[in-house]
Amino acid sequence: MTPYWSALARDLHPYVPGEQPRIADLVKLNTNENPYPPSPKALEAIRAAANEALRLYPDHEAKALRAALAAYHGVTPENVFVGNGSDEVLAHVFAALLKHEKPLLFPDVTYSFYPVYAQLTGVVYETVALDADMRLRIADYRRSCGAIILANPNAPTSIAHPLGEIAALVADHADIPVVIDEAYVDYGGESALPLLAGHANILIVRTFSKSRALAGLRVGYALGDAGLIEALVRVKDSFNSYPLGAPAQAGALASVEDEPYFQARLKDVIAERERMTGELAGLGFEVLPSAANFVFARHPRLAGGDLTAALRARAVLVRHFAKPRTADYLRITVGAPAQTGRLIQALGEIVGL
Ligand SMILES: *Cc1c(COP(=O)(O)O)cnc(C)c1O
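What counts, and where the lines are drawn
- Residues numbered from 1 in each chain as written.
- Predicted model: local features only at pLDDT ≥ 70, side-chain atom pairs only at ≥ 80, totals over all residues.
- Heavy atoms only, no water.
- Pairing = 2+ DSSP bridges.
- Helix = DSSP H or I, 4+ residues; strand = E, 2+ residues; numbered from the N terminus.
- Axes fitted to C-alpha atoms, helices over the stretch in contact; angles between N-to-C directions.
- Salt bridge = Lys/Arg side-chain N within 4 Å of Asp/Glu carboxyl O.
- Buried < 20%, exposed > 50% of the residue type's maximum accessible area, 1.4 Å probe, protein only.
- Near = heavy atom within 4 Å.
- Polar contact = N/O pair within 3.5 Å; in protein donor to acceptor, adjacent residues only side chain to side chain.
- Areas by Shrake-Rupley, 256 points an atom, 1.4 Å probe, with all protein chains shown as cover.
- Nonpolar A, V, L, I, M, F, W, Y, C, P; charged D, E, K, R; others polar.
- Contact = heavy atoms within 4.5 Å.

A few words on the sheet that holds strand β4 (residues 125-128). Ordered by their spatial adjacency, seven strands build an open sheet running β2-β8-β7-β6-β5-β3-β4, and the pairing between neighbours is mixed. Since the sheet does not close on itself, it has two edges, and those belong to β2 (80-83) and β4, each with one partner. Pairs of neighbouring strands in the sheet enclose a mean axial angle of 20°, with direction left out of account. With four bridges joining them, strand β3 (residues 104-107) and β4 adopt parallel strand pairing. Bridge pairing links F106 to T127 in β4.

Here the focus is the pattern of salt bridges. For the coordinates displayed, the defined rule picks out 18 salt bridges. Between D172 and R142 there is a salt bridge, and its shortest N-O distance comes to 2.6 Å. Taken together, the positions of D172 in helix α6 (residues 163-172) and R142 in the loop between β4 and β5 (147-151) put the pair 30 residues apart, joining distant regions of the chain. Under the relative-accessibility criterion, R142 is labelled exposed at 51%.

Here N152 and P153 are connected by a cis peptide whose omega angle stands at -5°. With respect to the helices and strands, the residue P153 is situated in the loop between β5 and α6. The peptide bond linking A155 to P156 adopts the cis configuration, its omega dihedral lying at 5°. You will see that D25, though not glycine, has its phi angle at about 65°, which is positive. Secondary-structure assignment places D25 in the loop between α1 (7-11) and β1 (27-28). Its relative accessible area of 62% is what places D25 among the exposed residues. Not every positive phi belongs to a glycine, and S158 is a case in point at roughly 75°. Along the chain, the position of S158 falls in the loop between β5 and α6.

So, on to the site of the ligand. Around the ligand, the neighbouring residues are G85, S86, D87, L90, Y111, D181, A183, Y184, T207, S209, K210 and R218. Note that an oxygen atom of the ligand is positioned 2.6 Å from one of the backbone N or O atoms of S86. A distance of 2.7 Å separates a nitrogen atom of the ligand from a polar side-chain atom of D181. A total of 390 Å² of accessible area belongs to the ligand in isolation, and the protein chains cover 93% of it. If one sorts the elements of the shell around the ligand by residue count, helix α4 (residues 85-97) sits on top with four residues. Residue classes in the shell around the ligand are distributed as four nonpolar, four polar and four charged.

What follows concerns the sheet that holds strand β9 (residues 286-287). Ordered by their spatial adjacency, three strands build an open sheet running β9-β10-β12, and the pairing between neighbours is antiparallel. For this open sheet the edge positions go to β9 and β12 (329-333), each flanked by a neighbour on one side alone. As paired elements, strand β10 (residues 294-298) and β12 share five bridges and run antiparallel to each other. Its bridge partner lying in β12, F296 is registered against R331. The sheet contacts of helix α9 (residues 259-282) involve β9, β10 and β12, and relative to β10 the element is tilted by about 10°.

As structure tokens, then:
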């Protein structure tokens, strides 16, 4: 800190991303990246976009990408907002839609960026406790509030919430915005997409970083009523009109158009998740039921922090959240089979000690 800092910068509590260290032979299962490469068609489109046209600003409305996403999801381009990763989309959502006199509600155990955005954008919030099994209780949200944001499937718990209850929540709160962060929905959650037609208050946020293996490209989007999207565009155009470069727009579009590759890689990761869950259970772990590309697991004897350190000593990285309700758990990304093999071998040594 220096005297030049603003009070805002001084008082922030920034999000801490999972580390990206350079360790030889590393098994990296700490940031929910996809173990498989992006669609070859996406890579081809990104390379083709690296031409002299980069001299020009990109399309600030990302018209082609928004049209492709609209067609893919059965909505119109006016229902689609795109941004530089869903983290940026979420930051705009906080400023444009979640700041009201009454508090924003979100679970006590959820994506740890939410309180960070709330602080940055001056959003008053209250957390609502998940139950003892780390599940959402929709009834607990039946109270006066300014807005609601949920991740479904939730992170880092990996647990999906049924569409019927999300529908009830959205209907209960027709007078306030309800945001559903579907970063992991492709891995087995039920999307809230069917609710878009009848409800002007629901916004769905998605990302290309996990299921589409494009975390490095930085593309996320939101789907919702044109009225909600307009508010996001107003914030975006007051912040950075050109969040997505031309290569990012082209690569994302090509990824959306390569459905067979997308479906095949989803199947691979889901199959490996089930295999890994079985192996972890065999070592005595309790694994929460996952609908994501990661699992949340704890061992009855060994503390989460100790396990994380022992794995790191064996060049296996997992994520640990040292907060009261999550300290026992490891969040482990589903990797390729060889990575699971290394993880299970390392855990076998550690558990057997
Ligand atoms: C990974 C993640 C995001 C952010 O993804 P981007 O890479 O910024 O698109 C958003 N929400 C949740 C719950 C996530 O896990």
